[in-house]
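Reading the structure
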Amino acid sequence: MFADPGGPVRKPDTHRDQASDPESPDHGEAAGPPEPLLGVAAAARRLGIAPATLRTWDRRYGMGPSAHTAGRHRRYSSTDLARLDVMRQALLRGMSVAEAAQHARTARLPAHRPEPDPPVPVDEPEPARSEVEVPVRAGGGVLRLSGAGLAARGLGRAAMTLDGEAVRGLLDDAITARGAVAAWDEVARPVLVAVAERWEYTGGGIEIEHLLSSCALAAFGARVVGPAAADRKPVLLAGMPREHHILPTVALAAALSERGVGCLLLGPDLPGPALHAAVRRTAPAAVVLWSQLPASADVEVLRSLPRTRPRFRTYVGGPGWSDVALPPQVVQLESLGSACSEISGAVTT
Ligand code: B12
């Protein structure tokens, strides 16, 4: 990773590092090309973690520089940093700090090559309850993920450190290992809710929410497939006019696709006339309309849907609809699992 200038660990900005770091880089006295050794602040910057965290990893978990110290100052070599990066990656994958340190100590580090990521611990038994209630701390902030499993905690850490590659990878791994319904309910959804709660309390972290939701749209969206044959009718899914929340429709389309139900995602804020045109053109088996915010739950859009033969089924989902008197025949969906069973049962019989 440190040999790769394109990797997440930045190339050192030597001037800035020296200017701001009292333990600035110096050079070892060994023969051969001198290797730059970094002080705590510069090493922490390279790793994308706080200097205090790096000192704690040394003090509590013995993850300090292997041999290099100058007086009381720590001096990190590229091998030390590679090992610490393995530890950082392991934390992102959901290991506890002690587990990550142990993993990094025993991992084989190819010379100046990125260490392969440790396996995603999605199949590990869930930790004891007292352990999972420890808040996830990363990137200088805290995410409350009470009751969440290892994979959700790993996703939370990756999101908090704005590591988009890890967020996307963890979501992909979760969908592959658990299926779309469990990946949404056990991994993605708890973290989305926790990030939103953190925003309510602190007013910060909108960038985390945006990163997480765009990675979730991409990860679940990549699993969506259309009808297998031209004569098979799709399930149309869309956000209501003025509604920008559509993530649950993408998770639902991914889950239906796993069950062989072809889907067509029409995205957020779909204008009424565009919805009507899509219904006429595709003669769908079912239509799912999402409303997160009450302001977008417009019952007129439901009443004015075109009629097709055979009639398609109409479903609505999202808290926006909760106080709306729905027309007869319109079914309100409550959860991803039940929506998936209900719709796949209805359109495949
Ligand atoms: C991701 C997100 C966004 C993304 C959406 C990305 C996308 N393309 O979908 C973006 C950044 C665009 C966004 C924008 C906004 N957002 Co927003 N957003 C969220 C967030 C974090 C997740 C939304 C989501 O997917 N929810 C689904 C899951 C994760 O939530 P849940 O509670 O577990 O789900 C329940 C049900 O929905 C159901 N369920 C869950 N999954 C599924 C699946 C299916 C198929 C079914 C049937 C049911 C179901 O089960 C749960 C129990 O009831 C929520 C927080 C939250 N708790 O929902 C805020 C939240 C919905 N947003 C909020 C707000 C205020 C906004 C904005 C107005 C902010 C702004 N000032 O611009 C805009 C609105 C834009 C608009 N006009 O629509 C508020 C809404 C408050 C309210 N009045 O209800 C929330 C609740 C955040 C908060 N804590 O205040 N947001």
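In what follows, the structure referred to is the one given above.
This write-up is about the structure you can find in this document. From a predicted model like this one, the values you see are computed outputs, not experimental measurements.

A closer look at the layout of surface pockets
Considering only enclosed or pocket space, the largest pocket measures out at about 1,100 Å³ in volume. What lines the largest pocket is a set of 34 residues, among which Trp184, His245, Pro248, Trp290 and Gln292 lie closest to the centre. Residue assignment for the lining of the largest pocket shows that the elements contributing at least two residues are helix H9 (180–202), helix H10 (206–221), helix H11 (247–258), strand E9 (286–290), strand E11 (330–333) and helix H14 (336–348). Ranked by residues supplied to the lining of the largest pocket, first place goes to H9 with eight residues. Looking at the lining of the largest pocket, its residues break down into 19 nonpolar, 10 polar and five charged.

What about the coordination of the cobalt atom of the ligand?
Coordination of the cobalt atom of the ligand by the protein involves just one donor, His245 (NE2), at a distance of 2.3 Å. Positionally, His245 belongs in the loop between strand E7 (235–239) and H11.

Examining the pattern of salt bridges
Tallied over the entire structure, the rule returns seven salt bridges. Notably, a salt bridge pairs Arg74 with Asp58, separated by 2.5 Å at the nearest N-O pair. Of this pair, Arg74 sits in strand E4 (residues 73–74) while Asp58 is found in helix H3 (residues 51–61), placing the two residues 16 residues apart along the sequence. Like Asp58, Arg74 is buried. A salt bridge links Asp185 to Arg189; the shortest N-O distance between them is 3.1 Å. Of this pair, Asp185 and Arg189 both sit in helix H9, four residues apart, which is roughly one turn of that helix. Judged by relative accessible area, which is 39%, Arg189 ranks as partly exposed.

What about the site of the ligand?
Taken together, 27 residues surround the ligand, and among them Arg189, Glu200, His244, His245 and Ile246 come closest. Here a nitrogen atom of the ligand sits 2.9 Å away from a polar atom, N or O, in the side chain of Trp184. Separating an oxygen atom of the ligand from a side-chain N or O atom of Arg189 is a distance of 2.5 Å. More than half of the atoms belonging to the ligand lie within 2 Å of the grid points that define the largest pocket. At the level of secondary structure, the elements contributing two or more residues to the shell around the ligand comprise H9, H10 and H11.

Re the packing of aromatic side chains
One pass over the full model with this rule turns up one aromatic pair. A ring pair is formed by Trp184 and Phe220, whose centres lie 5.9 Å apart and whose planes are at 85°; its orientation type is edge-to-face. Of the two residues, Trp184 sits in helix H9 while Phe220 sits in helix H10, which places them 36 residues apart along the sequence. Judged by its relative accessible area of 7%, Trp184 falls in the buried class.

A short note on the pairing of E9
The element E9 is largely enclosed, with a buried count of five among its five residues. When E9 meets strand E10 (residues 313–317), the two strands line up parallel, connected through five bridges. Across the sheet, Leu289 pairs through a bridge with Val316, a residue of E10.

Topic: the environment of Leu305
For Leu305, the location among the structural elements is in the loop between helix H13 (299–303) and E10. Through-space distance from the C-alpha of Leu305 to that of Arg280 is 9.4 Å; in sequence the pair is 25 residues apart.

Observations concerning the environment of Ala194
Structurally, Ala194 can be placed in helix H9. Ala194 gets classed as buried once you look at its relative accessible area, which sits at 4%. For the pair Ala194 and Ser146, spaced 48 residues apart in sequence, the C-alpha separation works out to 9.1 Å. Excluding its chain neighbours within four sequence positions, the residues that come into contact with Ala194 are Leu143, Arg144 and Leu145.

Considerations on the packing of helix H7 (residues 150–160) against H9
Interhelical geometry of H7 versus H9 gives an angle of 45° and a closest axis separation of 9 Å. In terms of orientation, H7 lies oblique with respect to H9. Crossing of H7 over H9 shows right-handed handedness. In contact with Ala151, Ala152, Leu155, Gly156 and Met160 of H7, H9 contributes Glu186, Val187, Ala188, Val191 and Arg198. Among the residues making up the contact of H7 with H9, the classes are represented as seven nonpolar, one polar and two charged.

With respect to the nonpolar core
Ranked by internal contacts, the top residues of the largest apolar core, which has 57 residues, are Val167, Phe220, Val235 and Leu252. Contributions of two or more residues to this core are made by H7, helix H8 (164–178), H9, H10, E7, H11, E9 and H14. In terms of residues, this core owes the most to one element, H9, which gives 10 residues. Those residues within four positions of Phe220 in sequence are excluded, and the remaining contacts are Ile175, Ala180, Ala183, Trp184, Ala188, Val250, Ala251 and Ala254. In terms of nonpolar packing, the next biggest core, distinct from the first, is built from 24 residues, Met87, Met95, Ala100 and Ala101 among them.

Rules used throughout
Counting of residues starts from 1 at the beginning of each chain's written sequence and follows it residue by residue. Under the rules for a predicted model, residues below a pLDDT of 70 receive no local features and side-chain atom pairs below 80 are neither given nor counted, while totals for whole chains, interfaces and linings still include all residues. To obtain the side-chain values, all non-hydrogen atoms of the structure were included, while hydrogens and water were left out. A pocket, in this scheme, is an open set of points on a 1 Å grid over the protein atoms alone with protein on both sides within 12 Å along at least 5 of 7 lines, while a cavity is a set where a 1.4 Å probe fits but cannot get out; residues line either one if an atom lies within 4 Å of a point. Grid points are joined across faces, edges and corners, and a volume is the space filled by probe spheres set on the points. Note on conventions: DSSP H or I runs of at least 4 residues are helices, E runs of at least 2 residues are strands, and numbering of each starts at the N terminus. Note on residue classes: Ala, Val, Leu, Ile, Met, Phe, Trp, Tyr, Cys and Pro are nonpolar, Asp, Glu, Lys and Arg are charged, and everything else, Gly too, is polar. Counted as donors are N, O and S atoms no farther than 2.8 Å from the metal, or 3.2 Å for Na, K and Ca; water is not among the atoms, and sites may therefore look incomplete. A pair is scored as a salt bridge if a Lys or Arg side-chain nitrogen falls within 4 Å of a carboxyl oxygen belonging to Asp or Glu. Throughout this description, buried means an accessible area under 20% of the type-specific maximum (1.4 Å probe, protein chains only), exposed means over 50%, and partly exposed covers the range between. Nearness of a residue to a molecule or strand requires only that one of the residue's heavy atoms be within 4 Å of it. Under the rule applied, a polar contact is a pair of N or O atoms within 3.5 Å (in protein, one hydrogen donor and one hydrogen acceptor; residues adjacent in sequence only if both atoms are side-chain atoms). The way we define it, a molecule is inside a pocket or cavity when more than half of its atoms are within 2 Å of that pocket's grid points. Ring pairs are drawn from Phe, Tyr and Trp, using the six-membered ring of Trp, whenever the two centres fall within 6.5 Å, and their geometry is named by plane angle: stacked under 30 degrees, edge-to-face over 60, tilted for the rest. Two strands form a pair only when DSSP identifies at least two bridges running between them. The contact rule is simple, with two residues in contact once any of their heavy atoms fall within 4.5 Å. Think of each axis as a best-fit line through the C-alpha atoms, taken over the contacting stretch in the case of a helix, with angles from 0 to 180 degrees between the N-to-C directions. Oblique is the label for any angle not covered by the other classes, which are roughly parallel (under 35 degrees), roughly antiparallel (over 145) and roughly perpendicular (65 to 115). Here is the rule for handedness: rotate from the far helix to the near one, and if that takes an anticlockwise turn smaller than a right angle the crossing is left-handed, while a clockwise turn gives right-handed. Here, nonpolar core refers to any group of buried Ala, Val, Leu, Ile, Met, Phe, Trp, Tyr and Cys residues whose side-chain atoms link them within 4.5 Å.

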